[in-house]
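Chain by chain, the residues run as shown.
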Amino acid sequence: MIILAIESSCDETSIAVLKNGKLLSNVVHTQIKTHEKFGGVVPEIASREHVSLITLVLDKAIKDANIKLEDIDYIAVTEGPGLVGSLLVGINVASTLAFCLDKPLIGVNHMAGHIYANWLENDIKFPLLCLVISGGHTELVLMEDHLNFKVLGETLDDAVGEAYDKVARVINIGYPGGPVVDKFAHLGKEHYKLPKVYLNKNEYNFSFSGLKSAVINLAHNLKQRNEEVDAYDLCYAFQNSVTDVLVDKTINAMNEYNVKNILLAGGVAANQGLREKFKEKNIEIIYPSIKYCTDNAAMIAMCAYYQVLNNIGKRDISMNANPSLDL
Ligand code: KG4
Ligand code: ZN
């Protein structure tokens with residue numbers, strides 16, 4: 001079974017080919033350079049760049065996989081959540097291919113894709129818990145079987161990645177913020193005090209806007225007093241607050257649900273501080289390689305593979321984008 005999958009929900013244009021669950025190719029073009037100067041993704045520019053690059057990405061994905069277009073059995077595409085204009089570029093290419101090749105079209109949830117990135121390189125057992133942490137989402141998900149997602153908790157305000165990006169912007173250390181803050185945190189020491197927001201200790205929802213505001217206020221107050229912000233120490237304090245909450249809530253859920261595996265998924269799963277904190281507590285976790293943590297089509301193809309096996313998500317060529325699709 002050969003699946004061609006397309007991902008274009010935000011600022012990566014990506015196409016992958018998967019044969020019987022094994023990855024044959026995964027081409028990712030990232031627009032980070034384009035959006036860097038704006039300090040965030042500009043949706044209209046993102047859609048245009050997807051349009052101008054997607055056929056080149058398609059050619060390379062087919063060539064790298066060493067297949068012909070006619071060999072494809074299924075076309076899969078991210079249908080949401082994401083930026084509507086960006087999603088529509090991928091969906092148009094996917095539905096055109098499905099129509100011309102007369103092959104079935106499969107709609108994939110981007111967040112489910114992030115979770116399934118874990119299946120690209122690991123043997124995974126149910127029931128499992130997955131901490132889904134990206135630029136737009138923060139969710140703790142229980143799965144008792146394939147494609148069966150029970151959201152135990154989610155953020156009530158900002159997503160983790162969003163908070164990382166904002167902190168990096170406030171202290172002016174680059175975009176996207178996550179990887180730089182992670183690096184700086186490892187160079188910092190205990191110095192600043194920042195809140196750890198647990199909400200109710202025995203619930204699984206999260207809140208990061210209070211922590212984000214605390215960072216903004218601290219930077220602002222230091223500036224007013226003409227004092228330098230120690231960027232390393234601030235990143236240390238911020239990352240420590242975020243990862244303590246994420247790890248503690250995940251461990252609470254692990255104890256309540258008696259799971260066999262704990263997975264990380266989404267761009268923030270690349271965070272070294274988070275992985276180290278789980279290790280310190282002797283909790284074994286599974287996470288994708290860094291290249292499969294951030295947006296890519298390999299994860300969409302893997303999710304589509306299980307959707308095909310379970311007959312889930314068939315679409316026709318009138319398929320539309322769903323920018324706020326839930327898991
Ligand atoms: O999953 P993703 O590529 O896109 C979305 O679906 O949102 O996640 C992007 C997010 C950004 O906010 C970025 O700052 C964050 O993932 N990120 C990280 C790290 N690498 C990427 N956050 C913390 N630590 C990292 N090492
Ligand atoms: Zn993503």
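Criteria and thresholds
- Residues numbered from 1 in each chain as written.
- Chains lettered and ligands numbered in written order.
- Predicted model: local features only at pLDDT ≥ 70, side-chain atom pairs only at ≥ 80, totals over all residues.
- Heavy atoms only, no water.
- Helix = DSSP H or I, 4+ residues; strand = E, 2+ residues; numbered from the N terminus.
- Buried < 20%, exposed > 50% of the residue type's maximum accessible area, 1.4 Å probe, protein only.
- Contact = heavy atoms within 4.5 Å.
- Expected span 1.5 Å × (residues − 1).
- Phe/Tyr/Trp six-rings, centres within 6.5 Å; stacked < 30°, edge-to-face > 60°.
- Lys NZ or Arg CZ within 6 Å of the ring centre and 35° of its normal.

(A) Molecular detail of the environment of L194. Tracing the backbone through its elements, the reader meets L194 in the loop between α6 (177-185) and α7 (209-224). Residue class for L194 comes out buried when judged on its relative accessible area of 13%. C-alpha of L194 to C-alpha of A231: the two residues are 37 residues apart in sequence and 14 Å apart in space. Filtering out sequence-adjacent residues up to four positions away, L194 remains in contact with L211, A214, V215, L218, L234, A237, F238 and S241.

(B) Broad picture of helix α3 (residues 84-101). Over its 18 residues, α3 extends 25 Å from the first C-alpha to the last, a length consistent with the 26 Å expected when each residue adds 1.5 Å. Of all the positions in α3, only S86, L87, V89, G90, I91, V93, A94, S95, L97 and A98 are classed as buried. Following α3 by one or two positions, D102 has its phi on the positive side, about 55 degrees.

(C) Spotlight on the packing of aromatic side chains. All told, the structure shown has eight aromatic pairs when counted by the stated rule. Taken together, a centroid distance of 4.9 Å and an interplanar angle of 85 degrees make the contact between Y164 and F238 edge-to-face. Note that Y164 is positioned in helix α5 (residues 160-170) and F238 in helix α8 (residues 231-257), a separation of 74 residues in sequence. Overall, F238 belongs to the buried group, its relative accessible area being 0%. Ring centres of F206 and F208 lie 6.1 Å apart, and the angle between their planes is 15 degrees; on these two criteria the pair is classed as stacked. Note on accessibility: F206 and F208 belong to one class, buried. An aromatic cluster is present here, built from Y116, W119, F126, Y305 and Y306 joined pairwise through their rings. The ring of Y287 carries the charged tip of R275 above its face, separated from the ring centre by 3.7 Å.

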